[in-house]
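# Working through the structure, step by step
The residues making up each chain are set out below.
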Amino acid sequence: MSAERNALDTSDAPAVPEEAENLTVRDPVSAPDAEGRPRRVTRRFPLFTRDTARPEGGGRAAPGDAPAPARQWPILAVLLTVGLGLLLTALDVFRVGLLLIGAALLAGAVLRWVVPDVGMLAVRSRFTDIVTYGGLGLVIVVLALMVQPNPLLQIPFLQDMLHFTVDS
């Protein structure tokens, strides 16, 4: 028992010099804290997020000295086109309005793909934005073409699926 106590007892150990206390950690898992001192960090996600990174392409779409609307022209073009589509839909020109809304989202996907800095049109990663804008735009366009009365697009198996699910 006394041998175990001697093994665990560190009171006889020499004192740690001050140089060792001020040792700088230089391995790849160290990062400075708020005061600039290096500290070891874990790879776990933090409990609270303090800041977020700007998505790629989230910079200004025009130089910084340009007026605010010019710096955000991609999102303004998409929003104004969607607004016009909503106005046409409210005025009972629903097919044209919905086609305009879908086209605006498809144009947003193209802008996100082609233009390097699109400002506030960049919400997530480039890939996710393109898939989201393009997918929603395509669905809205297809549904606008299929809307009754007088659909411009008829998909034959959809009628069979409807009869199969509704038929008793």
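Up top you'll find the structure we're talking about.
Only a predicted model underlies this, so the values are computations on that prediction, with no experimental measurement involved. (Residues numbered from 1 in each chain as written. Predicted model: local features only at pLDDT ≥ 70, side-chain atom pairs only at ≥ 80, totals over all residues. Heavy atoms only, no water.)

Relative to the 30 Å expected for 21 residues at 1.5 Å per residue, helix 5 (residues 94–114) spans 30 Å between its end C-alpha atoms, a close match to the ideal helical length. All buried positions along helix 5 are accounted for by Arg95, Gly97, Ile101, Gly102, Ala104, Leu105, Gly108, Ala109, Leu111 and Arg112. Contact partners of the buried residues in helix 5: helix 4 (73–90) and helix 6 (126–146). (Helix = DSSP H or I, 4+ residues; strand = E, 2+ residues; numbered from the N terminus. Expected span 1.5 Å × (residues − 1). Buried < 20%, exposed > 50% of the residue type's maximum accessible area, 1.4 Å probe, protein only. Contact = heavy atoms within 4.5 Å.)

Moving on: the nonpolar core. In this structure, Val78, Val82, Leu111, Val115, Val118, Leu121 and Tyr133 are the most contacted members of the largest nonpolar core, which totals 13 residues. Of all elements in the fold, only helix 4 and helix 5 reach the threshold of two or more residues within this core. No other element matches the five residues that helix 5 contributes to this core. What Val82 contacts, discounting residues up to four positions off in sequence, is Ile101 and Ala104. (Core = buried A, V, L, I, M, F, W, Y, C linked by side-chain atoms within 4.5 Å.)

This part takes up helix 4. An ideal rise of 1.5 Å per residue puts 26 Å on 18 residues; helix 4 measures up with 25 Å between its terminal C-alpha atoms. Three or more residues of helix 4 are buried, namely Pro74, Ile75, Val78, Val82 and Gly85. Take helix 4 and look down its axis: the buried residues cluster within an arc of 95°, on one side only. Within helix 4, the exposed residues directed more than 90 degrees away from the buried face are Leu80 and Ala90. If you follow the buried residues of helix 4, they end up packed against helix 5. Positive backbone phi, at 70°, marks Asp92, one or two positions downstream of helix 4. (Arc of directions from axis to C-beta.)

Turning our eyes to something else, we now look at the layout of surface pockets. Gaps left between atoms show up when a probe the size of a water molecule is rolled over them. Roughly 220 Å³ of volume is contained in the largest pocket. Lining of the largest pocket is provided by 10 residues; of these, Met146, Gln148, Ile155, Leu158 and Gln159 occupy positions nearest its centre. Per-element accounting of the lining of the largest pocket gives the leading share, four residues, to helix 7 (residues 156–166). A class-by-class count of the residues in the lining of the largest pocket yields seven nonpolar, three polar and no charged. (1 Å grid on protein atoms, 1.4 Å probe; cavity = no way out; pocket = protein on both sides within 12 Å on 5 of 7 lines; lining within 4 Å. Points joined across faces, edges and corners; volume = space filled by probe spheres on them. Nonpolar A, V, L, I, M, F, W, Y, C, P; charged D, E, K, R; others polar.)

Another point: the side chain of Asp129. Secondary-structure assignment places Asp129 in helix 6. Given the relative accessible area of 0%, Asp129 is considered buried. A distance of 2.9 Å separates a polar side-chain atom of Asp129 from the backbone nitrogen of Val123. Once you skip the residues sitting within four places of it in the chain, Asp129 turns out to touch Arg112, Leu121, Ala122, Val123, Arg124 and Gly134. (Polar contact = N/O pair within 3.5 Å; in protein donor to acceptor, adjacent residues only side chain to side chain.)

Here we come to unusual backbone geometry. For the bond running from Gln148 to Pro149, omega is -5°, close enough to zero to count as cis. Tracing the sequence through the fold places Pro149 in the loop between helix 6 and helix 7. Phi is positive for Asp92, which is not a glycine, with a value near 70°. On the secondary structure map, Asp92 appears in the loop between helix 4 and helix 5. Classification of Asp92 as exposed rests on a relative accessible area of 63%. Backbone geometry at Asn150 places phi at a positive 55°, although glycine is not the residue there.

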